[in-house]
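Residues per chain, in single letters:
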Amino acid sequence: MKSKKKESRKTTQPAVSSPASQAGPLYWPYALAAILALAAVFEAYQPALYGPFVFDDNFLPFRNPRFATHELRPWLIGVRPLLMFSYWVNFELSGGETFSYHALNVLLHAANAALIFLIVRKILAWAGVETERLDILAGFAGGLFLIHPVQVESVAYIASRSEDLSGLFFFGAYAAFLYRRSTAISWARAAAVLLLFGAAAGTKEHTATLPALLVLTDYFWNPGFSLAGIKRNWRLYAPMVVAGALAGLFVMRTLRGATSAGFSVKQFTWYEYFFTQCRAIWVYVRLFLLPVGQSADYDFAISHTLLEHGAWLGLVAIVAGAGAAFYFRRRYPLAAFGFLIFLLLLAPTSSFIPIKDPVAERRLYLPIIGLLFIMLEFLRRWKPARTTALVALGSVLLAAAAGTYRRSSVWGSAITLWEDTVEKSPRNARAHFQLAHAYFLERACDKAAAHYAIAAQNQKPRQDLLVDWALAYDCLNQPEEALTRLRQAAALRPSAHVYSQIGMVYGKQGKNAEALEALDTAITLNPRYGMSYIYRGGVHLALKDPAAAAADFKRALAIDPANQSALDALRMAEGQLRGGR
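Residues numbered from 1 in each chain as written. Predicted model: local features only at pLDDT ≥ 70, side-chain atom pairs only at ≥ 80, totals over all residues. Heavy atoms only, no water.

Caption draft 1: Region of the structure containing the environment of Pro291. Summarising the element assignment, Pro291 is placed in the loop between α14 (270-289) and α15 (311-327). Here the alpha-carbon distance between Pro291 and Ala400, two residues 109 residues apart in the chain, equals 8.9 Å. The residues touching Pro291, leaving out its near neighbours within four places in the chain, are His148, Pro149 and Arg286. (Helix = DSSP H or I, 4+ residues; strand = E, 2+ residues; numbered from the N terminus. Contact = heavy atoms within 4.5 Å.)

Here you go:
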């Protein structure tokens, strides 16, 4: 009896916690995982880190010597000031050297992967996934986002910074919404979400879908398949209606008069674009599941009617998928939610608003989260031993990393990029044009001329193509071929640039009268085109007239005081003048 009392007293005493049980959550594993992930992504993208400016990179404002300045204010005047600020930082760090531009893209991408981890972890917890499996499944989703080969274009392509940076603000706003401290959002948290939403929309317009994503999230998970959560979060949705309307007006203003996106695109109508996107959407799904045959510039046929190229099949599949998502939303909530947000986040670029390029891999950067949720619906039902799961999922990530390394190797130089594109799309005129330009820059002028010829065979005559083709022939010392292309360009549209090139070619041949005639025509067409004066000054030097040459070089410098060619030529002309005295 006595021993029983002692035992009873012993069991009622408060337990003494060990130091380990008293400690809070361990954060070092997450920090270690983040360091390893950062090292892995830099290794995967290493071949592209020193890659050149390619394609639209060369049309970014700071690539124009007249724009490039260290003063910050000119960079912030425009429709995407935060994006341009990020480029200004790179410009200050490295000027025209590309490493810092690529490195910042990789860092932004890594930050987005961390946000994907947080977002997925929260949704998985709401879906009832066991606590011990949350980190594994969320870590796999974040890792796959980080090193999936389909992401290479968004990261290795400097002009795709808009995807990475807008994604940071978009996913940041979404994470801030998900990790609110109470079911009903507070005014402070609503303000934070709105601020991040504004930054996202101001960086790239397709992030205007965020309000719809938040509503869909509240319907699915707060508390689940009801409007109660939407009503609770009125503090956010009331101002967001206004913000969404302003974002819509901003998008329409941005698209007004645009030639590469919007209803003024001439290549196809809005309904032809929609029919085409009914097929394109499934290309993105295929690339997620099997990332082979990737291309920097898809030669994707247009569906001018619903029956052409099987567009109706794509539309039926989309409608069936959306219907199945709604019908099975309670049984398969992650997959249903994932498919609907996949369609939602693709809608700005892949529905009714025409964009010149029907398919582009970078458009999957935000919507890929929907496909990750569909994948996780199946993975959460697969319950092997922990070691088996880690080995299997780790193998998938290793395979993805290897694919990303191979794809980033393609982006490592302009020649390899466009050779790869031409190989996959042999009739793609734009790809041949870009490959020809890349060869020309490397002085492989014979290859450049050959690919300009192929480009000309596969599209209507274009002035810029003819001029560049002529320069390739000039590089090959074939002046008659060069002049033939330049005359064709002038027949399409007379311009100072074309006639200055004609004068340049004649000048190299020593045909000074013909050169001066062409250059005088160029100056008549556009007196503000400085190269015409530089070429004409060169002809005057050849004619032993340094005074006339100096006058032309001074005119060129009056147009552009920083023109180094004019400065050097003026010194030469003035030196001849002094020597003549």
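Caption draft 2: Expanded view of helix α9 (residues 161-178). Here α9 contains 18 residues, and its C-alpha end-to-end distance of 25 Å stays within 8% of the 26 Å for a straight helix at 1.5 Å per residue. In terms of burial, α9 is a largely internal element, 17 of the 18 residues being buried. (Expected span 1.5 Å × (residues − 1). Buried < 20%, exposed > 50% of the residue type's maximum accessible area, 1.4 Å probe, protein only.)

Caption draft 3: View of the pattern of salt bridges. Evaluated as defined, the whole model comprises 20 salt bridges. A salt bridge links Arg180 to Asp218; the shortest N-O distance between them is 3.6 Å. On the criterion of sequence distance, the pair formed by Arg180 in the loop between α9 and α10 (187-203) and Asp218 in helix α11 (residues 210-221) is long-range, its members being 38 residues apart. Accessibility assignment for this pair places Arg180 and Asp218 in one class, buried. Residue Arg380 pairs with Glu377 through a salt bridge whose shortest N-O separation is 2.9 Å. By relative accessible area, which is 1% here, Glu377 ends up buried. Overlapping salt bridges, with partners in common, bring together Asp520, Arg536, Asp552 and Arg555 in one network. (Salt bridge = Lys/Arg side-chain N within 4 Å of Asp/Glu carboxyl O.)

Caption draft 4: A look at helix α25 (residues 512-525). If you check α25, its first and last C-alpha atoms are 20 Å apart, about what 14 residues at 1.5 Å a residue would give, namely 20 Å. The complete set of buried residues in α25 reads Asn512, Ala515, Leu516, Ala518, Leu519, Ala522 and Ile523. Along the axis of α25, the buried positions cluster into a sector of 165 degrees, meaning they face one direction only. Facing away from the buried surface of α25 by more than 90 degrees, the exposed residues are Ala513, Glu517 and Thr524. Of the surrounding elements, those touching the buried residues of α25 are α24 (496-509) and α26 (530-542). (Arc of directions from axis to C-beta.)

Caption draft 5: Quick peek at the state of the cysteines. Applying the stated criterion across every chain, the model contains one disulfide. With its sulfur 1.9 Å from that of its partner, Cys445 forms a disulfide with Cys475. Across the S-S bond of Cys445 and Cys475 the torsion is about 75 degrees, and the bridge reads as right-handed. With Cys445 in helix α21 (residues 445-457) and Cys475 in helix α22 (residues 463-475), this residue pair connects regions lying 30 residues apart in the sequence. Residue class for Cys445 comes out buried when judged on its relative accessible area of 2%. Relative accessible area serves as the criterion here: at 26%, Cys475 is assigned to the partly exposed category. (Disulfide = S-S within 2.5 Å.)

Caption draft 6: Local environment of the packing of aromatic side chains. Applying the stated criterion across every chain yields a total of 33 aromatic pairs. For the ring pair Tyr50 and Phe99, a centre distance of 4.9 Å and an interplane angle of 25 degrees mean the geometry is stacked. Residue Tyr50 is found in the loop between α3 (28-44) and α4 (73-76), and its partner Phe99 is found in helix α6 (residues 99-126); the two are separated by 49 residues along the sequence. Overall, the relative accessible area of 33% leaves Phe99 in the partly exposed class. Consider the rings of Phe85 and Trp88, whose centres lie 5.7 Å apart with planes at 25 degrees: the pair is stacked. Of this pair, Phe85 and Trp88 both sit in helix α5 (residues 81-94), separated by three residues, roughly a single helical turn. Taking the relative accessible area as the measure of exposure, Phe85 reaches 37% and is therefore partly exposed. Trp88 gets classed as buried once you look at its relative accessible area, which sits at 18%. Ring pairs connect the aromatic residues Phe53, Phe62, Trp75, Tyr87, Phe91 and Tyr101, which therefore count as one cluster. If you follow Lys122 out to its NZ or CZ, it ends over the ring of Tyr179, 4.6 Å from the centre. Residue placement shows Arg329 over the ring face of Phe326; its charged tip is 4.0 Å from the ring centre. (Phe/Tyr/Trp six-rings, centres within 6.5 Å; stacked < 30°, edge-to-face > 60°. Lys NZ or Arg CZ within 6 Å of the ring centre and 35° of its normal.)

Caption draft 7: Geometry of the nonpolar core. If you look at the biggest cluster of nonpolar residues, it comprises 155 residues, and the most contacted ones within it are Tyr174 and Phe373. The leading source of residues in this core is α6, at twelve residues. In this view, Tyr174 contacts Ile119, Ile123, Leu210, Leu213, Leu214, Thr217 and Phe337; residues no more than four positions away in its chain are not counted. (Core = buried A, V, L, I, M, F, W, Y, C linked by side-chain atoms within 4.5 Å.)

Caption draft 8: Unusual backbone geometry, seen in detail. In this chain, Asn222 is followed by Pro223 through a cis amide linkage whose omega measures -5 degrees. Within the element layout of this structure, Pro223 appears in the loop between α11 and α12 (228-232). Positive phi outside glycine occurs at Phe225, with the angle close to 60 degrees. Inspection of the secondary structure puts Phe225 in the loop between α11 and α12. Phi at Arg443 is positive, roughly 65 degrees, even though this residue is not glycine. Residue placement: Arg443 occurs in the loop between α20 (429-441) and α21. Owing to a relative accessible area of 52%, Arg443 belongs among the exposed residues under this scheme.

Caption draft 9: Examining the packing of α14 against helix α16 (residues 333-346) more closely. The geometry of α14 relative to α16 is characterised by a closest axis approach of 12 Å and an angle of 120 degrees between their N-to-C directions. It follows that α14 is oblique to α16 by the angle criterion. The two elements α14 and α16 meet at a crossing, and its hand is right-handed. Across from Ile281, Trp282, Tyr284 and Val285 in α14, the residues of α16 making contact are Phe339, Phe342, Leu343 and Leu346. Of the residues assigned to the contact of α14 with α16, the class counts are eight nonpolar, no polar and no charged. (Axes fitted to C-alpha atoms, helices over the stretch in contact; angles between N-to-C directions. Parallel < 35°, antiparallel > 145°, perpendicular 65-115°, else oblique. Left-handed = near helix turned anticlockwise from the far one by under 90°. Nonpolar A, V, L, I, M, F, W, Y, C, P; charged D, E, K, R; others polar.)

Caption draft 10: Focus on the side chain of Asn112. If you trace the backbone, Asn112 turns up in helix α6. A polar contact of 3.0 Å, which involves the side chain of Asn112, links it to the backbone nitrogen of Leu168. Side chain to side chain, Asn112 and Tyr365 meet in a polar contact 2.9 Å long. Residues contacting Asn112, with those up to four places away along its chain left out, are Phe145, Asp164, Gly167, Leu168, Phe171 and Tyr365. (Polar contact = N/O pair within 3.5 Å; in protein donor to acceptor, adjacent residues only side chain to side chain.)

As far as function goes, none of this settles anything; it's purely spatial.
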